[in-house]
Amino acid sequence: MPDKTEKYASSIPLDNNYVELPIPDRWTLSDDEMIKKSKAFYELMKKRHTVRQYSDRPVPREVIENCIKVAGLAPSGANHQPWHFAVIENPEHKQKIRDAAEEEERTFYAGRASDEWLGALEPIGTNDHKPHLTTAPWLIVIFAQRTSTDRNGRKFKNYYVNESVGIATGFLITALHQAGLTTLTHTPNPMKFLNELCDRPASEKPEMILVVGHPAEDATVPKHAKWKKPLDEIMTVF
Ligand code: IYR
């Protein structure tokens, strides 16, 4: 037991008193600068595409580490930071994940998914063949921690886990994109096999595999994926 506790122990400070700090690194922009920066960021994010064909060009581990540090800055319920990122570069390890994912996906596409679901996936062009899981240089498996364990081996509850991990994942995808990398959010169904393959405890829920790398020379994107709802449909102003 001490081994396990130590391995998965959270470093959340145990003291729960409230201390205030002045805002660190405060920065203020003029309205014009805000407009310029928000436009420029929109143009940058417009160039983010979910890609399924990868080149085997390696990516330095430091880039992955920096981007996961960005994910770790995300806001979370009670600042519990209920996430863990298992990063995999080793080819044999990636192959094991691919084999297990493709096995699940074969049953998914062969009938476990409803006709309605398969119909919704048609314009995306997905199937049970997942070569990107071994071609891309990095896989990041994102785990959500429903509970955590403190350094004394006591279990505690986390809050708004899905929301927190979703925000951190958004930070991660954005950080990887601005670093010049391409990602694919892959959700094999079911994903429980990832706990064993990434050596994570049963209290953690695998949320997705993020495939990370550079697109293959002949990579494409589904036309359907480039249709985005217009602003007046996604925003109401009161
Ligand atoms: N997990 C499958 C199916 C899949 C489901 C949705 I919703 C997608 O947006 C894409 C794929 C797969 O990864 O192929």
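Above this text you will find the structure in question.
Residues numbered from 1 in each chain as written. Predicted model: local features only at pLDDT ≥ 70, side-chain atom pairs only at ≥ 80, totals over all residues. Heavy atoms only, no water.

Caption draft 1: Molecular detail of the site of the ligand. Every residue lining the ligand is accounted for by Glu105, Phe108, Tyr109, Trp117, Leu121, Thr126, Asn127, Lys130, His186 and Thr187. Interatomic distance of 2.5 Å between a side-chain N/O atom of Lys130 and an oxygen atom of the ligand. Within the contact set of the ligand, a nitrogen atom lies 2.6 Å away from a backbone nitrogen or oxygen of Thr187. Here the ligand loses 72% of its free accessible area of 380 Å² to cover by the protein chains. Going through the elements one at a time, α4 (91-112) and α5 (115-121) are the ones with two or more residues in the shell around the ligand. When residues in the shell around the ligand are grouped by element, the largest group, three residues, is from α4. Within the shell around the ligand, the residues separate by chemical class into four nonpolar, four polar and two charged. (Near = heavy atom within 4 Å. Polar contact = N/O pair within 3.5 Å; in protein donor to acceptor, adjacent residues only side chain to side chain. Areas by Shrake-Rupley, 256 points an atom, 1.4 Å probe, with all protein chains shown as cover. Helix = DSSP H or I, 4+ residues; strand = E, 2+ residues; numbered from the N terminus. Nonpolar A, V, L, I, M, F, W, Y, C, P; charged D, E, K, R; others polar.)

Caption draft 2: Just the packing of aromatic side chains, in detail. This model, assessed by the stated rule, comprises two aromatic pairs. Taken together, a centroid distance of 5.1 Å and an interplanar angle of 80° make the contact between Phe108 and Tyr109 edge-to-face. Measuring from ring centre to ring centre gives 4.8 Å for Phe108 and Trp117, while their planes differ by 90°; the resulting arrangement is edge-to-face. Taking relative accessible area as the criterion, Trp117 reaches 42% and is therefore assigned partly exposed. (Phe/Tyr/Trp six-rings, centres within 6.5 Å; stacked < 30°, edge-to-face > 60°. Buried < 20%, exposed > 50% of the residue type's maximum accessible area, 1.4 Å probe, protein only.)

Caption draft 3: Up close: the sheet that holds strand β6 (residues 204-213). Taken in spatial order, the four strands line up as β1-β2-β6-β5 in an open sheet, and their pairing is antiparallel. Strand pairing shows two members of the sheet lacking a second neighbour, β1 (83-88) and β5 (182-186), which therefore form its edges. Across the sheet, the mean angle from the axis of one strand to that of its neighbour is 25°, orientation sign disregarded. Note that β5 and β6 share five bridges and pair antiparallel. When the sheet's bridge partners are listed, Thr183 is paired in β6 with Val212. Sheet contacts for helix α3 (residues 61-71): β1, β2 (138-145) and β6; angle to β1, the most-contacted strand, approximately 170°. (Pairing = 2+ DSSP bridges. Axes fitted to C-alpha atoms, helices over the stretch in contact; angles between N-to-C directions. Contact = heavy atoms within 4.5 Å.)

Caption draft 4: Main features of the nonpolar core. Counting 23 residues, the largest nonpolar core has Phe85, Ile140, Leu172 and Leu176 as the members making the most contacts within it. At the level of elements, α3, β1, β2, α7 (161-178) and β6 are the ones that each hand at least two residues to this core. With seven residues, the top contributor of residues to this core is α7. If we skip the residues at most four places from it in the chain, Leu172 touches Cys67, Ile68, Ala71, Phe85, Ile140, Ile142 and Leu210. (Core = buried A, V, L, I, M, F, W, Y, C linked by side-chain atoms within 4.5 Å.)

Caption draft 5: Region of interest: the packing of α3 against α7. Their axes nearest at 8 Å, the elements α3 and α7 cross at an angle of 145°. As α3 packs across α7, the resulting crossing turns out to be right-handed. Listed contacts from α7 to Ile64, Cys67, Ile68, Val70 and Ala71 of α3 are Ala168, Phe171, Leu172, Ala175 and Leu176. For the contact of α3 with α7, a count of residues per class yields 10 nonpolar, no polar and no charged. (Left-handed = near helix turned anticlockwise from the far one by under 90°.)

Caption draft 6: Up close: a nonpolar patch on the surface. On the surface, Val70, Leu73, Ile167 and Phe171 cluster together into a nonpolar patch covering about 330 Å² of accessible area. Relative to the helices and strands, Leu73 resides in the loop between α3 and β1. (Patch = residues over 30% accessible without salt bridge, like charges linked within 9 Å, V, L, I, M, F, W, Y side chains within 5 Å. Salt bridge = Lys/Arg side-chain N within 4 Å of Asp/Glu carboxyl O.)

Caption draft 7: The arrangement of the pattern of salt bridges in detail. Summed over all chains, the structure comprises nine salt bridges. Note that Arg112 and Glu104 form a salt bridge whose closest N and O atoms lie 3.4 Å from each other. By relative accessible area, Arg112 is classed as partly exposed at 40%. Judged by relative accessible area, Glu104 falls into the partly exposed class, the value being 23%. One salt bridge in this structure joins Arg154 and Asp150, with 3.6 Å as the shortest N-O distance.

Caption draft 8: Broad picture of the packing of helix α2 (residues 31-46) against α7. Axis separation between α2 and α7 bottoms out at 10 Å; the angle between their running directions is 85°. By the criterion of interaxial angle, the relationship of α2 to α7 is roughly perpendicular. Residues Phe41, Leu44 and Met45 of α2 pack against Thr174, His177 and Gln178 of α7. (Parallel < 35°, antiparallel > 145°, perpendicular 65-115°, else oblique.)

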